[in-house]
Each structure stands twice: as structure tokens, then as C-alpha cells.
Amino acid sequence: MGTATLRTNALTTLPALKAVLGLSDEDTGSDGILIQLINQASASIERALGRKLRRSSYVEKRKGTGSQYLLVEHYPIVSVAYIKQAGEEIDPGLYDIATQGNAGVICKDDGWTYYGYPQGLTGDPVAGSRNIEVQYTAGYILPWEATEEEPSDLPADLEGLVQEMVQYAFGRLETGGSAGLKAFSISDVRWEWSEDTPSSWQDVIDRHKRVWV
């Protein structure tokens, strides 16, 4: 079996986690399990948020909204390389990410043209075409890839959440799980985001999950 390694979407580092757990750097006996738990908890948080958190570049096809706001999948938006509508590049001076970019929204004062067509006697619009192409960079510099020149800008409460989730799971592994269980392994570790989720964990997710009406 290969050595466990942090995935590129890991939201904390092994040394930072071990400091929280009170483990010394020399105590390496649980490193493999801790790395697996970091990976699992990080993936769980991304699923709950519905987006990737590591800073990356994306190209997306979006529908014109008919409003001033165009939503992209990942955020916070760091920069926009280009936006093309119906194949033609839009002047960057006509849109901005300064006001709502942290929520993944690109604003354009004269709106994003909706391309659709009416149907039926009432002329109700049907689904428009994805006529807008956006290339952009979004996300955070994660703790494992931070440097002095580019420190991590991942919100501290998200890193704290993954550490708390791992601490909880690791404690169960060490004690053999809840009362009455004779064995408890890493394959049994699951985080379900539901009404049973600790409110403090859900509060962090809610703070970083886009709500757009």
C-alpha cells in the first residue's frame, strides 16, 4: 500500500493539524491516518460548499441572465482573463468583479443579454443558449502551497473546521468508536451534512456558501 499524501485540495497541513492535536513532529505513527482524514474532511467541505476552493483557472459557458449579474461556478474570483458573448470579446472596462466577485458574480451595468426564443400563445421564454464564455481565476492559496511571497488566504475558519472534523474522527478511531462498537476503522468515517451536523460546523459552511436570490 502506498504512502498517504495530501491531495491538492487539502485545507490544512499535517504539521498544523498535529499542533492542534498536541502531537510532536517526531511522533509519526499516525501520520498516514491523519493525512487520509485531512483529505476526506477537505473533500467533504468542498461538497458541502458546492465548489472547489484551491485557486485555479476555469473556462465556463454561461447563459445570459438578462440582468446585470452573471454567476460563475467558483469563487472568490481573483481575475477574469476574458469574457466572450456570442463569440465576441467584451471590453473589460464594461464589467467588474470588485463589488460581488467574492460571491462569484460578475457585474455589467448594461446587463448580460439573454438569448432565447418565445414559445406558445403566451410567448413564454425557453432555456436560452449558453452564449457567454468566461475564462477566470478563482479560489484561495491553500496552506500547503503557501510561500512567504504568496501566503495562504484561505479563511481561518475553514482551515479550523477541517482540523476540528479530523480531531473528532481521530478521537473516535483511537477509542474504537462509540460505545458498544468493537471496531472502528477509517473506512467508517463519514461526514453527512444534515440536521445532525454540529451547529458550529454548519455555521462555517453557511458563512462561505453562496446565497443568491
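Preceding this section is the structure that the text describes.
Keep in mind that this is a model prediction, so the values were computed, not measured.

### Looking at the overall build of the protein chain
And step 1. The secondary structure content of the protein chain amounts to four helices and nine strands.
And step 2. For the protein chain, the N- to C-terminal ordering of α and β elements is α-α-β-β-β-β-β-β-β-β-β-α-α.
And step 3. Expressed as a percentage of contacts within the protein chain between residues at least 6 apart in sequence, the contacts between residues at least 24 apart total 70%.
And step 4. When the accessible area of the protein chain is evaluated, it comes to approximately 12200 Å², of which 49% is carbon and sulfur surface.

### Focus on the sheet that holds strand E2 (residues 69-71)
In any sheet, the strands associate via hydrogen bonds between backbone groups, in a parallel or an antiparallel arrangement.
And step 1. Across the sheet, three strands lie side by side as E2-E6-E5; this open sheet has antiparallel pairing. At either margin of the open sheet sits one strand with a lone partner, and together these are E2 and strand E5 (95-96).
And step 2. Pairing geometry for E5 and strand E6 (residues 105-108), over two bridges, is antiparallel. Residue pairing for E6: Asp96 is matched across the bridge by Cys107.

### Remarks on helix H1 (residues 14-21)
And step 1. Within H1 the residues assigned to the buried category are Leu14, Leu17 and Lys18. Seen along its axis, H1 keeps its buried residues to an arc of 100°; they face one direction. Those residues of H1 that are exposed and angled more than 90 degrees off the buried face are Pro15 and Ala19.
And step 2. Between the side-chain oxygen of the N-cap and the backbone nitrogen of Ala16 there are 3.2 Å, and the N-cap of H1 in question is Thr13.
And step 3. One or two residues past the end of H1 sits Gly22, with phi positive at roughly 75°.

### What to know about the sheet that holds strand E9 (residues 132-138)
And step 1. Strand order in the open sheet formed by four strands is E1-E9-E3-E4, with antiparallel pairing between adjacent strands. Of all the strands in the sheet, the pair left with one neighbour each is strand E1 (56-62) and strand E4 (88-89).
And step 2. In terms of strand pairing, strand E3 (residues 77-85) meets E4 through two bridges, oriented antiparallel. From the neighbouring strand, Gln85 faces E4, where its bridge partner is Glu88.

### Side note on the environment of Lys108
And step 1. In this structure, Lys108 sits in strand E6.
And step 2. Take Lys108: its relative accessible area is 7%, and that puts it in the buried class.
And step 3. As for Lys108 and Pro92, which are separated by 16 residues in sequence, their C-alpha atoms are 9.7 Å apart.
And step 4. In contact with Lys108, other than residues within four places in its own chain, are Gln68, Ile90, Leu94 and Tyr95.
And step 5. A polar contact of 2.9 Å, which involves the side chain of Lys108, links it to the backbone oxygen of Gly111.

The rules behind these values
Residues numbered from 1 in each chain as written. Predicted model: local features only at pLDDT ≥ 70, side-chain atom pairs only at ≥ 80, totals over all residues. Heavy atoms only, no water. Helix = DSSP H or I, 4+ residues; strand = E, 2+ residues; numbered from the N terminus. Contact = heavy atoms within 4.5 Å. Areas by Shrake-Rupley, 256 points an atom, 1.4 Å probe, with all protein chains shown as cover. Pairing = 2+ DSSP bridges. Buried < 20%, exposed > 50% of the residue type's maximum accessible area, 1.4 Å probe, protein only. Arc of directions from axis to C-beta. Polar contact = N/O pair within 3.5 Å; in protein donor to acceptor, adjacent residues only side chain to side chain.

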